[in-house]
Amino acid sequence: MHKPSKLIISLSAILLGSISVTAKVTLPRIFSDGMVLQQQADCHLWGTAAKNHNVTITTSWDQQKHTIKANSEGRWTLTVKTPKAGGPYRLTLNDHTDSVLTVKDVLIGELWLCSGQSNMEMPMKGFKGQPVDGMLETLLHCDDPQLRLFTVQRHASLTPVDDVTGEWQPTTSASLRNFSATAYFFGQALRQNLRVPVGLVVCCWGGSACEAWMAADWLKAFPQVRQTIQQTDVEKLQQRCPTALYNGMLHPLIGMTMRGAIWYQGEDNVPRYSYYADLLTAMVRGWRSQWGEGNFPFYYAQIAPYDYTLIDDTTNSALLREQQMIAEQQIPNARMAVLLDAGLRYGIHPRKKRIAGERLALLALAHTYGQQGLPEFAVYSNVTFRNDTAVVAFDRSKEWVYFNNGTTSQNFEISDDNIHWKQADAWINRNRVYVHSHEVQHPVAVRYAFHNWVEGDLFHDGLPVSSFRTKQ
């Protein structure tokens, strides 16, 4: 946690925007009835009140009264300590005029931000003509008053705004039907394993670019990205406009005390794959700097296989997947969930959202909550060449890799010039994959599942290994 003085400076900067200030004590919509606050934390609250008036906030979990003075613009910020998970509780805010605000049905538990583009946004009901596997069964058995859902409504903006549109809802078939399927399966797995209230704040927009979720200053390191943004750019590009979603959707949430973030995005950046690892690294660094909570956990889904040649026959999305692998090595306290076995050849929105959400939850449970006994995603480590055969090794693979559908795979290729590739025979001995082709006598490079559409069959401990190539 940062020092209170830095918090006040940071959140004051957040609040310096275009909200009209009235005498009535107010809170942003993220702090409203049914919300979840992060347990055992210094939780940040902010809002508006009468100018230069004191605001007293009473927290029902400890009956403490906290008094803060609104500044000359009527803005205030405060930090309150939260207990172990529980509730429901209340927050009562009084500015000692005629304005009293009570926030009811507050739960204390685990709070996560869920962001990205359409595969994070895809609701449990699916998109039109594009269903989610298991939707019916899930809606029939989903009721959970301690799993709370908040969806930030779409809004692109040229400049940072101070609030979002949305409301907290308990999980029911009605609320879940239009809520992110990936986020729900993530949160459901946390609920089942942690047995505490969980809050999910979904902040995403289908088709959005990574650049759209970044502040202008962070993008200065990327000359490939348009640096001067006009209102016409926001209106025309919307979710693809650099900074537009950071300004319009994410900025109002900054300072919200949470456990961490999950991310499912990358499809829009496939044509601009070459700098995605650095771009995502800069985005996470920027988010963490703005939040002031240190290197909070960041778990993200690798994009799933899809036949991108249906859009552009020059595109190979394996290059973007490779960049996502690189980003995992560059971002502290981050891990990637591989979905190489969960794609859809003819659709960019895979149906297997339970797999995506639960694999993200697997990462959180293992690496944030320290749950024992969970498997690891093995990763490519190195290759050695023994005459005409390549021997591929892996890290994080103590249970040894294996082929999920037999004793060999058709997903390996080998090359003697790193340009022309030949399909190869592949077999496994202990924890090594051996790759060989009679057409390549002196191999120098190997690649696995390095195409748009593949069905990953190399696994470790029940989890797929990412596509990879041994030499760039």
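Because the structure is a prediction, the values reported are computed rather than measured.

## Quick word on unusual backbone geometry
Here G87 and P88 are connected by a cis peptide whose omega angle stands at 10°. Its location among the elements puts P88 in strand β6 (residues 86-94). Even without a glycine there, the phi angle at N333 is positive, about 55°. Looking at the element boundaries, N333 is found in the loop between α9 (318-330) and β13 (334-337). For N333, a relative accessible area of 35% gives the class partly exposed.

## With respect to the packing of aromatic side chains
Going through the model one piece at a time under the given rule, you end up with 24 aromatic pairs. On the basis of an interplanar angle of 80° and a centroid distance of 6.2 Å, the ring pair of W287 and F298 is categorised as edge-to-face. Taken together, the residues W287 in helix α8 (residues 276-291) and F298 in strand β12 (residues 298-301) connect sequence positions 11 residues apart. The exposure class of F298 is buried, given its relative accessible area of 0%. Feature note: the residues W263, W287, W291, F296, F298 and Y300 constitute an aromatic cluster, connected by ring pairs. Sitting over the ring of F296, R288 keeps its end group 5.6 Å from the ring centre.

## Describing the environment of R154
The topology assignment puts R154 in the loop between β8 (144-151) and β9 (168-171). Ignoring any residue separated from it by four or fewer positions in sequence, one finds R154 in contact with E121, W205, G206 and M249. In terms of polar contacts, R154 uses its side chain to reach the side chain of E121, at 3.0 Å.

## Digging into the environment of Q239
Turning to its location among the elements, Q239 is positioned in the loop between α6 (231-237) and α7 (244-250). In this structure, Q239 is in contact with W205, G206, G207, S208, A209, A212 and L245, ignoring residues within four places of it in sequence. Polar contacts involving the side chain of Q239 include one to the main-chain carbonyl oxygen of G206, which spans 3.0 Å.

## Quick word on the sheet that holds strand β15 (residues 389-395)
What the 4 strands build is an open sheet, ordered β14-β15-β20-β19; its pairing is antiparallel. Among the strands making up the open sheet, the edge pair consists of β14 (379-386) and β19 (425-429). With strand direction ignored, the average angle separating the axes of adjacent strands in the sheet is 25°. Pairing between β14 and β15: 7 bridges, direction antiparallel. Note that in β15 the partner of V383 across the bridge is V392.

Each value, and the rule that gives it
- Along each chain, numbering runs from 1 in the same order as the chain's sequence is written.
- In keeping with the model being predicted, local features are shown solely for residues with a pLDDT of at least 70 and side-chain atom pairs are shown and tallied solely at 80 or more, while totals for entire chains, interfaces and linings include all residues.
- Each side-chain value is worked out from all heavy atoms of the structure, with water and hydrogens disregarded.
- Secondary structure elements follow DSSP: runs of H or I of four or more residues count as helices, runs of E of two or more count as strands, with numbering from the N terminus.
- Exposed residues in this analysis have more than 50% of their type's maximum accessible area, buried residues have under 20%, and partly exposed residues fall in between, with area computed by a 1.4 Å probe over protein chains only.
- Stacked, tilted and edge-to-face pairs are distinguished by plane angle, under 30 degrees for stacked and over 60 for edge-to-face with tilted covering the rest, among Phe, Tyr and Trp rings (Trp via its six-membered ring) whose centres lie within 6.5 Å.
- Our definition puts a charge over a ring when NZ of Lys or CZ of Arg is within 6 Å of the ring centre and also within 35 degrees of the ring normal.
- Two residues form a contact once any of their heavy atoms are found within 4.5 Å.
- Throughout this description, a polar contact denotes any pair of N or O atoms lying within 3.5 Å of each other; where both atoms belong to protein, one of them has to be capable of donating a hydrogen while the other can accept it, and for residues adjacent in sequence the pair is counted only when both atoms sit in side chains.
- Only strands that DSSP links by at least two bridges are regarded as paired with each other.
- Comment: axis = line fitted to C-alpha atoms, over the contacting stretch for helices; angle = value between 0 and 180 degrees taken between N-to-C directions.

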